[in-house]
Amino acid sequence: MNAGSTARTFLAPVALGVLAIALWQALVVAFHVEPFLVPSPFGIAGAFTDGASNILTASMATGLNALIGLAIGAVSGVFVAIMANALGFLDRMLVPLVAALAVIPIVALAPIFYAMFGAAAETGRQLVAAVAVFVPMYLNTLHGLRQAEPVHRDLMRSYAATKEQTNRILLIPGAVPYVLTGLKIGSSLAVISALIAEYFGGPAKGLGRAITSSAAASNYTVAWAYVLGAVLLGAVFYGVTAALESFAHRRRSGR
Amino acid sequence: MSEARIAVHVDKVDKIFTSRKAGEVHALSDVSLDVAAGEFVSLIGPSGCGKSTLMRLVADLDSITSGEITVFGKTPEQARKDQDYGIAFQQAGLLPWRSVRANIELPLEIHGWEARDKKERSDELLELIGLADFADHRPDQLSGGMKQRVAIARSLAERPRLLLMDEPFGALDEITREHMQNELVALCQETGAAVIFVTHSIPEAVFLSDRVVVMSPRPGRITEIIDVKLGERGEDLREAAAFYDGVTAVRTALHGETPAGARGVENR
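In what follows, the accompanying structure is described. (Residues numbered from 1 in each chain as written. Chains lettered and ligands numbered in written order. Predicted model: local features only at pLDDT ≥ 70, side-chain atom pairs only at ≥ 80, totals over all residues.)

1. Some details on the interface of chain A and chain B
Many analyses report the size of an interface as the accessible area lost when the parts associate. Of the residues lining the interface, 15 residues belong to chain A; the matching set on chain B comes to 15 residues. Of all the elements, helix H7 (residues 150-158) of chain A adds the most residues to the side of chain A that touches chain B, at six residues. (Contact = placed C-beta atoms within 7 Å. Helix = DSSP H or I, 4+ residues; strand = E, 2+ residues; numbered from the N terminus.)

2. A closer look at the nonpolar core
Residue and element names in this part refer to chain B. The biggest cluster of nonpolar side chains holds 68 residues, and the ones touching the most others in it are Ile44, Val58, Leu162, Leu164, Val195, Ile196 and Val250. Formed jointly, this core draws a minimum of three residues from each of two domains, domain 1 (1-84 + 161-268) and domain 2 (94-159). Non-local contacts of Leu162, meaning those with residues more than four positions away in its chain, are made with Ala7, Val8, Val71, Asp84, Tyr85, Ala193 and Ala194. (Core = buried A, V, L, I, M, F, W, Y, C linked by C-beta atoms within 7 Å. Buried ≥ 20, exposed ≤ 12 C-beta atoms within 10 Å, placed from the backbone. Domains from an automatic or database assignment.)

3. Points about the sheet that holds strand E8 (residues 211-216) of chain B
All names here are of chain B. The sheet built from six strands is open, its strands ordered E5-E6-E7-E3-E8-E9 with mixed pairing. The open sheet has two edge strands with one neighbour each: strand E5 (85-88) and strand E9 (221-227). Averaged over all pairs of adjacent strands, the angle between their axes in this sheet comes to 15 degrees, without regard to strand direction. Of the strand pairs in this sheet, E5 and strand E6 (residues 162-166) are connected by four bridges, and their pairing is parallel. Bridge pairing links Tyr85 to Leu162 in E6. In this fold helix H1 (residues 51-58) packs onto strand E3 (40-44), E6, strand E7 (194-199) and E8, with an angle of close to 150 degrees to the strand it touches most, E7. Across the face of the sheet, helix H6 (residues 144-156) comes into contact with E5 and E6 while running at roughly 165 degrees to E5. (Pairing = 2+ DSSP bridges. Axes fitted to C-alpha atoms, helices over the stretch in contact; angles between N-to-C directions.)

4. What about the packing of helix H3 (residues 52-86) of chain A against helix H8 (residues 163-197) of chain A?
For any two helices packed against each other, the geometry comes down to the angle between their axes and how far apart the axes lie. All names here are of chain A. Packing of H3 against H8 brings their axes to within 8 Å, and their N-to-C directions diverge by 145 degrees. Considering the relative orientation of H3 and H8, their crossing is right-handed. Classifying every residue of the contact of H3 with H8 by side-chain character gives 13 nonpolar, 10 polar and one charged. (Left-handed = near helix turned anticlockwise from the far one by under 90°. Nonpolar A, V, L, I, M, F, W, Y, C, P; charged D, E, K, R; others polar.)

5. Focus: the environment of Ile192 of chain A
Residues and elements named next belong to chain A. Mapped onto the elements of the fold, Ile192 is located in helix H8. Take Ile192: there are 20 C-beta atoms within 10 Å of it, and that puts it in the buried class. It is 41 Å that separates the C-alpha atoms of Ile192 and Val151, two residues lying 41 residues apart in sequence.

6. Brief notes about the pairing of strand E2 (residues 23-36) of chain B
Residues and elements named next belong to chain B. Across 10 bridges, the pairing between strand E1 (residues 6-19) and E2 is antiparallel. Residue pairing across strands places Thr18 opposite Glu24, the latter belonging to E2. In this antiparallel pair of consecutive strands, E1 and E2, the connection spans three residues.

7. Some words on the sheet that holds E1 of chain B
Residue and element names in this part refer to chain B. The strand order across the open sheet formed by three strands is E2-E1-E4, and the pairing between neighbours is antiparallel. Looking along the sheet, the strands with just one partner apiece sit at the ends: E2 and strand E4 (66-71). This sheet shows a mean twist of 20 degrees between the axes of neighbouring strands, independent of strand direction.

8. Points about the packing of H3 of chain A against helix H9 (residues 207-216) of chain A
Residues and elements named next belong to chain A. In contact at an axis separation of 7 Å, H3 and H9 are set at 130 degrees when each is read in the N-to-C sense. As judged from the angle between their axes, H3 and H9 are oblique. Of the residues in H9, those touching H3 at Ala58, Ser59 and Thr62 are Leu207, Gly208 and Ala210. Of the residues that constitute the contact of H3 with H9, the class distribution is three nonpolar, three polar and no charged. (Parallel < 35°, antiparallel > 145°, perpendicular 65-115°, else oblique.)

9. Quick look at unusual backbone geometry
All names here are of chain B. In this structure, Pro219 follows Arg218 across a cis peptide bond, with omega equal to -15 degrees. Examined against the element boundaries, Pro219 turns out to sit in the loop between E8 and E9. In this structure, Lys12 takes a positive phi of about 50 degrees despite not being glycine. Mapped onto the secondary structure, Lys12 falls in strand E1. Residue Lys12 is classed as exposed on the basis of its 12 C-beta neighbours within 10 Å. The phi dihedral of Phe72 falls on the positive side, at around 50 degrees, and the residue is not glycine. Within the secondary structure, Phe72 is located in the loop between E4 and helix H2 (76-81). Judged by the 19 C-beta atoms lying within 10 Å of it, Phe72 falls in the partly exposed class.

Here it is, written out as structure tokens:
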């Protein structure tokens, strides 16, 4: 990538963002828009810096739940996909279950988990995130395990490799880029799920709870500042997993 | 030929593929062939003549419909399990996440070789294919010819008495191809392995082989087996009259007649 195209790649969206924020600020000031409708960007920025330590604490709480959910969902999704790929009947058994998980809004499970584990415990929120992450992890891993080229399958057969060896040497390493794509998709879902789950009650210390309670207390600018915190948290999760994914793809290029 | 001297015995083999789309495809019909230990046999013919299928049956990558195949007196399945053959395909089929060395060691790893023995053997093979300096490179850093050399080293890793090769040089340019053919001839003289070599290049088949098996499609069958008695293989041979005679004989068998105004060697 040369300097010119780098500038276009990064400067163009930044310029658009600056322009949008300026326009937003101008409109709010010019028309005296009330903060409960739309607060001004500078107002949000002020609330964000004033409450930075609270927002950081809340982000850590929600982020930890999202991270634990991501880990549980990722490990179980990959594990179940490997099992399903090895055992055809398991794959067929799981099709309707995974389809169901893919279409129901996972956060709807939050009140049920709260009833099971208690709303005070973080377990329910972590499980919501884990279930949300499981689906893309499972589907992507399964897809990746099925990408092995015929010549590689023939080779493993000619070596009389066992199923376990074929999995370990050929299928699982071949699925890694797909697993990481699943992780990237799952990372956003984990943050969203962990955050929205807090809307359903419990004395949560996280961002979701902070947004609802600030809004309920008419601190709209503060609520927006927490939303900004949520955006940044989501961006961190997405950025780290996307970087992992592109690193893995670069290592595999030229296949 | 006595039992011990026969590497591969193919007796009245039929192979019928059944698919929902195409129905029944008669890939091989009444194919019989013996390959002696240490003999180099090429299978040649147009697409769809079953030459790759025949090799895959010997390798136990597909199973026969009727007839019998034995490899060193065993069923193909037993021979595969005993690792009696090494195999190479048109695609090098290297695992892209493994180094050149780890790719060559793949069969050794699967068959539980000790680390020290693996290292020793892969060192030998890297030396043999002239890629010792590339041991730690990844396949995507190699040229097509280098990848194919690695694939051939991998097929030789366990010193098989039989090599099965399915157009291993098919994707290479002509210069690399001739170079690889010279190397393969040297390797075979060194190891004394029998080779079944699938190709659709007439000069390649003639240059490499003791015998050329000419096949034709629909249904796939052997139409002629040509003895090529060229003796010592070397670069001079490519220009020798005997070589052109062999090429003409194979071409005649393939086309059923001598082409008018026989030209030189076609490229593929």
